[in-house]
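The lines below spell out each chain.
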Amino acid sequence: MHKINQVIFLLASVLAIGTVRADDFNDGVSYYEQGDFSSAAVSFKTAANKGNADAQFNLGLMYLNGEGIQQDYKQAMAWFEQSASKNNVRAQVNLGRMYAKGKGVVSNHGIAASWFKKAADQGYADAQYSLGILYVTGTGVPRDFAKARELFLQAANQNNASGQYQLGLIYLKGKGVNVNLVEAYKWLTLAGDYEDTAVYRKFVEAKMSKEQVNEALALAQDWQPEKAVK
């Protein structure tokens, strides 16, 4: 997870958390914003030890990335597991990623898929995308393009660029669905500048009539995202 996403979560959590055990957590947020990562880690650990799921997740991130504390994948996993047991979707996704990549644990894509599914079932777009990738590759789960498309669509409908990109490729390549260049172009347009989306848009556009391009652009213009799970 990129640092900017961590910061957004840390700030957002201040609004989401209740008054119980909030002081240590809020102190951690304040220290983190000031760039005092060591003090942030101490405050988050105090809140985490009192059972605060957001603090447990944030402390796990700091162990994962070695911010203000010595990098320790096993400690990261331990805190993510505590947070994930309280249904923190970000902790569940990070556990899935660690199992998928073998960080702090022997790589196990089956367990990774199970953690992604827990978060995906709560509507979390990053988890829906990550689980969809496993269905595309048949890693940890049976290969199932129809299931992958369903998951990518769920993520894409929350304006998740990675889900929109993958959905565009599925319609382009006809994986588990009939080739549909209009849908492919629509989703690749909505994905914006994600990865090599622009290259694929040019490739698809070269295969389309002007009328098809206009139809796809109109569909993209009219599209409205669903409320994303925070």
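As the structure is a computational prediction, the values presented were derived from the model and not from experiment.

Rules used in this analysis
- Residues numbered from 1 in each chain as written.
- Predicted model: local features only at pLDDT ≥ 70, side-chain atom pairs only at ≥ 80, totals over all residues.
- Heavy atoms only, no water.
- Core = buried A, V, L, I, M, F, W, Y, C linked by side-chain atoms within 4.5 Å.
- Buried < 20%, exposed > 50% of the residue type's maximum accessible area, 1.4 Å probe, protein only.
- Contact = heavy atoms within 4.5 Å.
- Axes fitted to C-alpha atoms, helices over the stretch in contact; angles between N-to-C directions.
- Helix = DSSP H or I, 4+ residues; strand = E, 2+ residues; numbered from the N terminus.
- Parallel < 35°, antiparallel > 145°, perpendicular 65-115°, else oblique.
- Left-handed = near helix turned anticlockwise from the far one by under 90°.
- Nonpolar A, V, L, I, M, F, W, Y, C, P; charged D, E, K, R; others polar.
- Expected span 1.5 Å × (residues − 1).
- Salt bridge = Lys/Arg side-chain N within 4 Å of Asp/Glu carboxyl O.
- Arc of directions from axis to C-beta.
- Phe/Tyr/Trp six-rings, centres within 6.5 Å; stacked < 30°, edge-to-face > 60°.

Engineer: Tell me what's going on with the nonpolar core, and back it up with residues and numbers.
Structural biologist: By size, the foremost hydrophobic cluster in this structure holds 65 residues, and its most contacted members are F44, L59, F80, L131, W187, V204 and M208. Once residues lying within four places of it in the same chain are set aside, the contact partners of L131 are A113, F116, K117, A120 and L151.

Engineer: How would you explain the packing of helix α11 (residues 181-190) against helix α13 (residues 210-222) if you had to name every residue and give the values?
Structural biologist: Close contact between α11 and α13 brings their axes to 8 Å; oriented N to C, the two are set at 45°. The orientation of α11 with respect to α13, classified from their angle, is oblique. Considering the relative orientation of α11 and α13, their crossing is right-handed. Counting all contacts with α11, which are made through V182, E183, Y185, K186, T189 and L190, the residues of α13 involved are Q212, V213, E215, A216, L217, L219 and A220. Partitioning the contact of α11 with α13 into residue classes produces eight nonpolar, two polar and three charged.

Engineer: How would you sum up helix α10 (residues 161-173)? Please name residues and give values.
Structural biologist: If you check α10, its first and last C-alpha atoms are 18 Å apart, about what 13 residues at 1.5 Å a residue would give, namely 18 Å. Most of α10 is tucked away, with 11 of its 13 residues classed as buried. Within α10, the full set of buried residues consists of S162, G163, Q164, Y165, Q166, L167, G168, L169, I170, Y171 and L172. At its buried positions, α10 is contacted by α8 (125-137), α9 (145-156), α11 and α12 (197-205). At the C-terminal side of α10, G174 shows a positive phi close to 65°.

Engineer: Now, about the pattern of salt bridges: what can you tell me, with residues and values included?
Structural biologist: Summed over all chains, the structure comprises four salt bridges. The residue K147 makes a salt bridge to E150 at a minimum N-O spacing of 3.6 Å. Separated by three residues within a single helix, K147 and E150 lie in helix α9, roughly one turn from each other. We note a salt bridge from E183 to K186, for which the minimum N-O separation is 3.6 Å. Pair noted here: E183 and K186 are both in helix α11, with a separation of three residues, about one helical turn. We note that E183, like K186, is buried.

Engineer: Outline α13, listing residues and values.
Structural biologist: Under the 1.5 Å per step criterion, the end-to-end length of α13 is 18 Å for 13 residues, consistent within 8% with the ideal 18 Å. Of the residues making up α13, those classed as buried are V213, A216 and A220. Taken down its axis, α13 places every buried residue within 65° of arc, on the same side. Along α13, the residues that are exposed and aim more than 90 degrees away from the buried face are K210, E211, Q221 and D222. The elements touched by buried residues of α13 are α11 and α12.

Engineer: Now, about the packing of aromatic side chains: what can you tell me, with residues and values included?
Structural biologist: Taken as a whole, this structure holds seven aromatic pairs when the rule is applied. Both rings, one in F57 and one in F80, keep their centres 5.8 Å apart while their planes meet at 35°; by these two values the pair is tilted. One end of the pair, F57, is in helix α4 (residues 53-65); the other, F80, is in helix α5 (residues 73-84), with 23 residues separating them in the sequence. Judged on exposure class, the residue F57 and its partner F80 are both buried. Geometrically, the ring pair formed by Y129 and F152 is tilted, given 6.2 Å between the ring centres and 40° between the ring planes. Of this pair, Y129 sits in helix α8 while F152 sits in helix α9, and the two are 23 residues apart along the sequence.

Engineer: Kindly report on the side chain of E183, identifying the contributing residues and their values.
Structural biologist: Look at E183 and you get buried, because its relative accessible area is 18%. Ignoring any residue separated from it by four or fewer positions in sequence, one finds E183 in contact with Y171 and L219.

Engineer: Outline unusual backbone geometry, supporting the account with residue identities and numerical values.
Structural biologist: Unusually for a residue other than glycine, N159 sits at a positive phi of about 65°. One can find N159 in the loop between α9 and α10. Phi at E195 takes a positive value of approximately 45°, unusual for a residue other than glycine. One can find E195 in the loop between α11 and α12. On the basis of relative accessible area, E195 is assigned to the exposed category, the value being 57%.

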